[in-house]
Amino acid sequence: MSQYSSGQTFVASSNKIYRLWDVFCPNHKFLVYNLIQRNLKLKYKKSVLGFLWSLIGPASTAVIYYVIFKFVMKVSIPNYVSFILMGILPWNFFLTCLSGGLDSLVQNHNLLNKIPLPIHSLPFAEVLTAFINFALSLPIVLIVAFISNAPITLNYFFIPIFLFFLLLQCYAYALLLGIGFVYLKDLRHAMSIGTQLLFYMTPILYKIEMVPENLRCLIYLNPMSMIFSSLNLIVSEGITPSAFQFLHAAGASFFIFFVSYFIFKKQQFSVIENL
Amino acid sequence: MKKIAIELKHVSKKFTYRSDKTNNIKKMMVNLSKFNFSLSSPRTIDVLDNISVQIHQGDFVGIMGRNGAGKSTLLKIISGIYMPTVGEVHIHGKIAPLLELGAGFADELSGFENIFLNAAILGFNREKVNTYLDDIVNFSELGEKIHMPVRNYSSGMLVRLGFSIAVHLDAPILLFDEILAVGDVGFQEKCLKKIDEIYKAGKTIILVTHSPEQVEKFCNRCIVFDDKKIAYDGPTANGIKAYNGLF
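Quick caveat, the model's predicted, so the values are computed rather than measured.

### Describing the state of the cysteines
Residues and elements named next belong to chain A.
Right, so step 1: Across all of its chains, the model carries 0 disulfides over all chains by this definition.
Right, so step 2: Not part of a disulfide, Cys25 finds its nearest cysteine sulfur in Cys97, a span of 14 Å.
Right, so step 3: Its relative accessible area of 3% is what places Cys25 among the buried residues.
Right, so step 4: Residue Cys97 is classed as buried on the basis of its relative accessible area of 0%.

What follows is the structure, encoded as structure tokens:
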């Protein structure tokens, strides 16, 4: 019998992840660029209003929430419109990353079975596409803040930092869901129920101080909660994020990112055969 | 001594075939409650058995064999789509695989846009594509139809475009898996002539085909596959006899 006990491939250029930095497809920039272009073109080629739909959706949700929570539930949070907007827009980005990442491998199974590709480039392109759409809708927050006289402070410079943490987490979730969906076909349902719950466990419609002490631990367990609460408070009240918020957001994001890196690195070889 | 482009050492490939797959959460929960932590009851199926082959730079190898013998799996392992279960694969040089018509194409985009997408998927960068863009468009003979969405292409048009992209993008190793069968006779001849051209320019080519005429005319080496193993590996004349001997 052969003395080679396990299969190996030695190639000059590789499509697999070996080091952490490989997760960002540094050697496949043109590929990622083209995948993003494909995604954007697919989304906007046939629709009349095109890009505007990305704004109308969250804007209308924000209006509905504003009316219900401010006038019916009588929540008293200053500059509530800005507060909600800066919660809904990143939340929609998160949802798009999850659903895009979930489908990214299975939907492209034809491609993956016929052409040697870095598998992670597909969820990566989905996340970046979602981020581009999200970033293009952000000026609305500035406009709304300006119109409603919400404080526009230097703390706005913290926003990109927290968005970076959010991006890391969303990429991690996209990778995990992408692989998970290959093996578990009803992950989509679990995901949709899970995100509904998670929405209320995140300080998007409320401030953390409003949550009773004994339930607050649930909020802190949510790895995204500090990102959202920092973003909300910067935009509605001009508050500088606290060290705790910063460390919680950074720590949770990097931890989840590393976990997804390790899992994906291990699974990347057997995923294609199970598609 | 010619350099080696592709080397396989004792490569075997098994697929794990899952019956009674635990592919949803409900089944997973049921299994867990019975303390059964496995994902399914696996059965393995052998697809390749102890393949060792050396392909040198500049070889033009014709691979023939019955359907299901393992030729496509071999090409996929060489391209890096699958990993071998056992054994080693050494590749020296970039590979442009053409294993299926329009595999990398996005239906909604035009042929022209798909040139960039497909080239990027195959691993080429922007400069390469821009250098050869005109050649690719002209060779495909699609004319104005290159700006039509790929969704509306016939399979002949798909193979023209796909082949044109793969063959112009200057990879040292090319793999073709039975894709020439679809084009019309004129285009087939044109493709084979082009393949012959790049072979003479020093590229390494592997062509999976069911046509002994093609192998006889163009290849310098022939591998015949029979039932997961290599039955014959050598000059084309005897290779064709070996292939015919399979039936």
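More follows now that the structure is in view.
### Here's the deal with empty space enclosed by the protein
Right, so step 1: Under the criterion given, the structure shown has 3 cavities of 30 Å³ or more.
Right, so step 2: A volume near 80 Å³ is recorded for the largest cavity.
Right, so step 3: What lines the largest cavity is simply Lys114 and Ile115 of chain A together with Pro97, Leu98, Leu99, Glu100, Gly102, Ala103, Gly104, Asn118, Leu122 and Gly162 of chain B.
Right, so step 4: Counting residues per element, the ones that place at least two in the lining of the largest cavity are strand 5 (95–98) and helix 3 (111–122) of chain B.
Right, so step 5: Across the lining of the largest cavity, the residue classes tally to 6 nonpolar, 4 polar and 2 charged.

### What to know about the confidence of the model for chain A
Right, so step 1: Mean pLDDT for chain A: 89, with 94% of residues reaching 70 or above.
Right, so step 2: The low-confidence segment residues 1–5 of chain A (pLDDT under 50) makes 9 contacts with residues lying over four places distant or belonging to another chain.

### Quick look at the sheet that holds strand 3 (residues 60–65) of chain B
All names here are of chain B.
Right, so step 1: The 6 strands are arranged 5-6-7-3-8-9 in an open sheet whose pairing can be described as mixed. Sheet topology places strand 5 and strand 9 (229–234) at the edges, where each strand pairs with a single neighbour. This sheet shows a mean twist of 15° between the axes of neighbouring strands, independent of strand direction.
Right, so step 2: Sitting on the sheet, helix 6 (residues 185–200) touches strand 3, strand 6 (173–177) and strand 7 (204–208), and the angle it makes with strand 7 is about 150°.

### Thoughts on the packing of helix 5 (residues 121–137) of chain A against helix 6 (residues 139–147) of chain A
All names here are of chain A.
Right, so step 1: Here helix 5 crosses helix 6 at 20°, and the two axes come no closer than 4 Å. As judged from the angle between their axes, helix 5 and helix 6 are roughly parallel. For the pair formed by helix 5 and helix 6, the contact residues are Ala135, Leu136 and Ser137 on the first element and Pro139, Ile140 and Val141 on the second.
Right, so step 2: Classifying every residue of the contact of helix 5 with helix 6 gives 5 nonpolar, 1 polar and no charged.

### Here's the deal with the environment of Ser155 of chain B
Residue and element names in this part refer to chain B.
Right, so step 1: The residue Ser155 is located in helix 5 (residues 155–168) in this model.
Right, so step 2: Under the relative-accessibility criterion, Ser155 is labelled partly exposed at 39%.
Right, so step 3: Here the alpha-carbon distance between Ser155 and Lys34, two residues 121 residues apart in the chain, equals 50 Å.
Right, so step 4: Those residues in contact with Ser155 that lie beyond four places of it in its chain are Leu101 and Val182.

Quick notes on the rules
- Residues numbered from 1 in each chain as written.
- Chains lettered and ligands numbered in written order.
- Predicted model: local features only at pLDDT ≥ 70, side-chain atom pairs only at ≥ 80, totals over all residues.
- Heavy atoms only, no water.
- Disulfide = S-S within 2.5 Å.
- Buried < 20%, exposed > 50% of the residue type's maximum accessible area, 1.4 Å probe, protein only.
- 1 Å grid on protein atoms, 1.4 Å probe; cavity = no way out; pocket = protein on both sides within 12 Å on 5 of 7 lines; lining within 4 Å.
- Points joined across faces, edges and corners; volume = space filled by probe spheres on them.
- Helix = DSSP H or I, 4+ residues; strand = E, 2+ residues; numbered from the N terminus.
- Nonpolar A, V, L, I, M, F, W, Y, C, P; charged D, E, K, R; others polar.
- pLDDT = per-residue confidence, 0-100.
- Contact = heavy atoms within 4.5 Å.
- Pairing = 2+ DSSP bridges.
- Axes fitted to C-alpha atoms, helices over the stretch in contact; angles between N-to-C directions.
- Parallel < 35°, antiparallel > 145°, perpendicular 65-115°, else oblique.

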